[in-house]
Amino acid sequence: MESSIIQKIGQIAVPIKNVQSAIEFYKEVLGLPLLFNTENMAFFDCNGQRLLLSLPEKDEFANSSSVIYFQVEDINRSFEKMVEKGVSFIDQPHVVAKMGNTETWMTLFKDTQGNTHALMCEVSI
């Protein structure tokens, strides 16, 4: 069997419009550690996965990013804490799939840059 060309995801890039506003949201609201930032970019650690927030180099890259699904331990508690911090949620936490004795819960939210992301949680039933 041929081995994969891809080893792993090195980082995920999210387009932003304002570096300081994005840093505040991802650091203070989501609680991700800021690794470092420049005038145009900010790098965060998400449990070993690097997240790059950057001003687009060209207009064609200024569209919203793919949805990032942030795994949380307790989706209802995380939802409540983020609502208290002013996060704009698109929906309420809800079951999206049942697989055997596991339910997958999800809720979608917007960051301060207009990108849609989600919280997800797997619960044993």
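Criteria and thresholds
Residues numbered from 1 in each chain as written. Predicted model: local features only at pLDDT ≥ 70, side-chain atom pairs only at ≥ 80, totals over all residues. Heavy atoms only, no water. Core = buried A, V, L, I, M, F, W, Y, C linked by side-chain atoms within 4.5 Å. Buried < 20%, exposed > 50% of the residue type's maximum accessible area, 1.4 Å probe, protein only. Helix = DSSP H or I, 4+ residues; strand = E, 2+ residues; numbered from the N terminus. Polar contact = N/O pair within 3.5 Å; in protein donor to acceptor, adjacent residues only side chain to side chain. Contact = heavy atoms within 4.5 Å.

## Considering the nonpolar core
Logical step 1: Among the nonpolar cores identified, the biggest contains 24 residues, and Tyr-26, Phe-44, Leu-51, Leu-53, Phe-109 and Leu-119 are the most heavily contacted of them.
Logical step 2: Those elements that provide at least two residues to this core are α1 (19-29), β3 (41-46), β4 (49-54), α2 (75-84) and β9 (116-124).

## Quick notes on unusual backbone geometry
Logical step 1: Located in the positive-phi region is Asn-47, a residue other than glycine, with phi close to 55 degrees.
Logical step 2: Within the fold, Asn-47 resides in the loop between β3 and β4.
Logical step 3: Looking at Asn-47, the relative accessible area reads 79%, which means it is exposed.

## Thoughts on the side chain of Thr-107
Logical step 1: Tracing the backbone through its elements, the reader meets Thr-107 in strand β8 (residues 102-110).
Logical step 2: Classification of Thr-107 as buried rests on a relative accessible area of 0%.
Logical step 3: In terms of polar contacts, Thr-107 uses its side chain to reach the backbone carbonyl oxygen of Asp-91, at 2.9 Å.
Logical step 4: Beyond its immediate stretch of four places on either side in the chain, Thr-107 contacts Ile-75, Phe-79, Phe-89, Asp-91, Gln-92, Pro-93, His-117, Ala-118 and Leu-119.

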